[in-house]
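Structural overview
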Amino acid sequence: MLMHPILGEFIGTMLLIILGDGVVANVVLNKTKGNNSGWIVITFGWGMAVFTGVYASVTLGGSGHINPAFSLATAILGDLPWSMVAPYMLAQTAGAFAGAILVWMAYRLHFNATADAESKLAVFCTGPAIASPLDNLLTEFIGTLVLVGGALLM
């Protein structure tokens with residue numbers, strides 16, 4: 001089996017996005033079998049996406065970061081050589097892009113059957129329910145802190 005840190009991060013991040021965005025597509029897009037199945041399905045699907053992405057990344061020789069913020073945090077803490085930060089981030093970004101393309105391809109007909117632009121956008125990103133740039137930045141900071149901090153404790 002080919003094992004390389006950059007390949008591991010690429011594949012792991014790609015799987016994260018395929019499964020995570022894929023479950024959102026299945027819930028929010030029209031004419032899917034999971035249409036309107038709710039936030040519990042999305043939350044469980046994203047949890048499994050993170051598990052699968054980390055497992056695949058580590059199995060293929062990566063560090064299981066699958067997120068540029070986590071790679072940056074580990075470099076700051078001295079657990080990842082700075083020379084690996086840019087290659088990891090590029091691999092993660094490319095993996096995420098590849099995963100998003102595959103989700104779009106898999107759900108292309110469902111995107112076409114969905115008129116609501118916000119539902120289509122929700123497959124690939126989130127937006128605040130109440131737009132307040134400072135508050136929205138604060139919640140993103142807290143969320144990132146909790147995710148990275150929690151993962152570093154493992």
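Residues numbered from 1 in each chain as written. Predicted model: local features only at pLDDT ≥ 70, side-chain atom pairs only at ≥ 80, totals over all residues. Heavy atoms only, no water.

Quick word on the environment of Thr-74
What counts here: Per the convention used, a helix needs a DSSP run of H or I reaching at least four residues, while a strand needs a run of E reaching at least two, with both numbered from the N terminus. Relative accessibility thresholds used throughout: buried, under 20% of the residue-type maximum; exposed, over 50%; partly exposed, between the two (1.4 Å probe, protein chains only). The criterion used for residue contact is that any of the two residues' heavy atoms lie within 4.5 Å.
Its location among the elements puts Thr-74 in helix H3 (residues 68-76). On the basis of relative accessibility, which here comes to 5%, the residue Thr-74 falls in the buried class. Considered as a pair, Thr-74 and Leu-152 are 78 residues apart in the sequence and their alpha carbons are 8.3 Å apart. Residues within four places of Thr-74 in sequence aside, it is in contact with His-65, Asp-79, Leu-80 and Leu-152.

Here's the deal with the side chain of His-65
Operational definition: Whenever a nitrogen or oxygen atom comes within 3.5 Å of another N or O atom, the pair is scored as a polar contact, on the condition that within protein one atom can donate a hydrogen and the other can accept it, and that pairs from neighbouring residues in sequence are kept only if both atoms are in side chains.
Structurally, His-65 is set in the loop between helix H2 (39-59) and H3. According to the relative accessible area criterion, His-65 is buried, its value standing at 9%. Within the structure, His-65 has its side chain in polar contact with the side chain of Ser-71 (distance 2.9 Å). With residues near it in sequence (within four places) discarded, His-65 still touches Glu-9, Ser-57, Phe-70, Ser-71, Thr-74, Leu-80, Tyr-88 and Gln-92.

A word on a nonpolar patch on the surface
The following threshold applies: Note on patches: the residues involved have over 30% relative accessible area and no salt bridge, like charges join within 9 Å, and the nonpolar side chains Val, Leu, Ile, Met, Phe, Trp and Tyr join within 5 Å. For every accessible area listed, the method is Shrake-Rupley and the probe measures 1.4 Å; residues are considered covered only by the protein chains on display. We define a salt bridge as a contact between a side-chain nitrogen of Lys or Arg and a carboxyl oxygen of Asp or Glu at a distance within 4 Å.
Taken together, the side chains of Phe-97, Ile-101, Leu-102, Trp-104, Met-105 and Phe-124 define a hydrophobic patch exposed on the protein surface, amounting to about 590 Å² of accessible area. Take Phe-97: it is sitting in helix H4 (residues 82-106). For Phe-97, a relative accessible area of 57% translates into the label exposed.

Section: the packing of helix H1 (residues 5-28) against H2
To keep things clear, this is the line we draw: A fitted line through C-alpha atoms serves as each axis, taken over the contacting stretch for helices, and the angle formed by two N-to-C directions is quoted from 0 to 180°. The scheme is simple: roughly parallel for angles under 35 degrees, roughly antiparallel for over 145, roughly perpendicular for 65 to 115, oblique for anything else. When the near helix sits turned anticlockwise from the far one by under a right angle, the crossing is termed left-handed; a clockwise turn instead gives a right-handed crossing. Residue polarity is assigned by list, with Asp, Glu, Lys and Arg as charged and Ala, Val, Leu, Ile, Met, Phe, Trp, Tyr, Cys and Pro as nonpolar; anything else, Gly included, falls into the polar class.
Look at H1 against H2: their axes get within 7 Å of each other, and the N-to-C directions meet at 165 degrees. With respect to H2, the element H1 is oriented roughly antiparallel. Pair H1 / H2 crosses with right-handed handedness. Between H1 and H2, the residues in contact are Gly-8, Glu-9, Gly-12, Leu-15, Leu-16, Ile-17, Leu-19, Gly-20, Asp-21, Val-23, Val-24 and Val-27 and Val-41, Ile-42, Gly-45, Trp-46, Ala-49, Val-50, Thr-52, Gly-53, Ala-56 and Ser-57, respectively. A class-by-class count of the residues in the contact of H1 with H2 yields 13 nonpolar, seven polar and two charged.

With respect to the packing of aromatic side chains
To keep things clear, this is the line we draw: Note on aromatic pairs: the rings of Phe, Tyr and Trp (six-membered ring only in Trp) are paired at centre separations within 6.5 Å, and the planes decide the class, stacked below 30 degrees, edge-to-face beyond 60, tilted for the rest.
In this structure the tally under the stated criterion is two aromatic pairs. Between Phe-51 and Tyr-55 the ring centres are 6.1 Å apart and the planes differ by 20 degrees, which places this aromatic pair in the stacked class. Pair noted here: Phe-51 and Tyr-55 are both in helix H2, with a separation of four residues, about one helical turn. Considered together, Phe-51 and Tyr-55 belong to a single accessibility category, that of exposed residues. Judged by centre distance (5.7 Å) and plane angle (5 degrees), the rings of Phe-111 and Phe-124 are stacked. In this pair, Phe-111 is assigned in helix H5 (residues 108-112) and Phe-124 in the loop between helix H6 (117-122) and helix H7 (133-152), connecting sequence segments 13 residues apart. Here Phe-124 falls in the partly exposed class, since its relative accessible area comes to 34%.

Some details on the packing of H3 against H4
Helix packing for two helices is described by the angle between their axes and how far apart those axes are. Axis separation between H3 and H4 bottoms out at 9 Å; the angle between their running directions is 175 degrees. When the axis of H3 is compared with that of H4, the two are roughly antiparallel. Residues Pro-68, Ser-71, Leu-72, Ala-75 and Ile-76 of H3 lie in contact with H4, whose contacting residues are Trp-82, Val-85, Tyr-88, Met-89 and Gln-92. Of the residues that constitute the contact of H3 with H4, the class distribution is eight nonpolar, two polar and no charged.

Just geometry here; none of it tells us what the structure is for.
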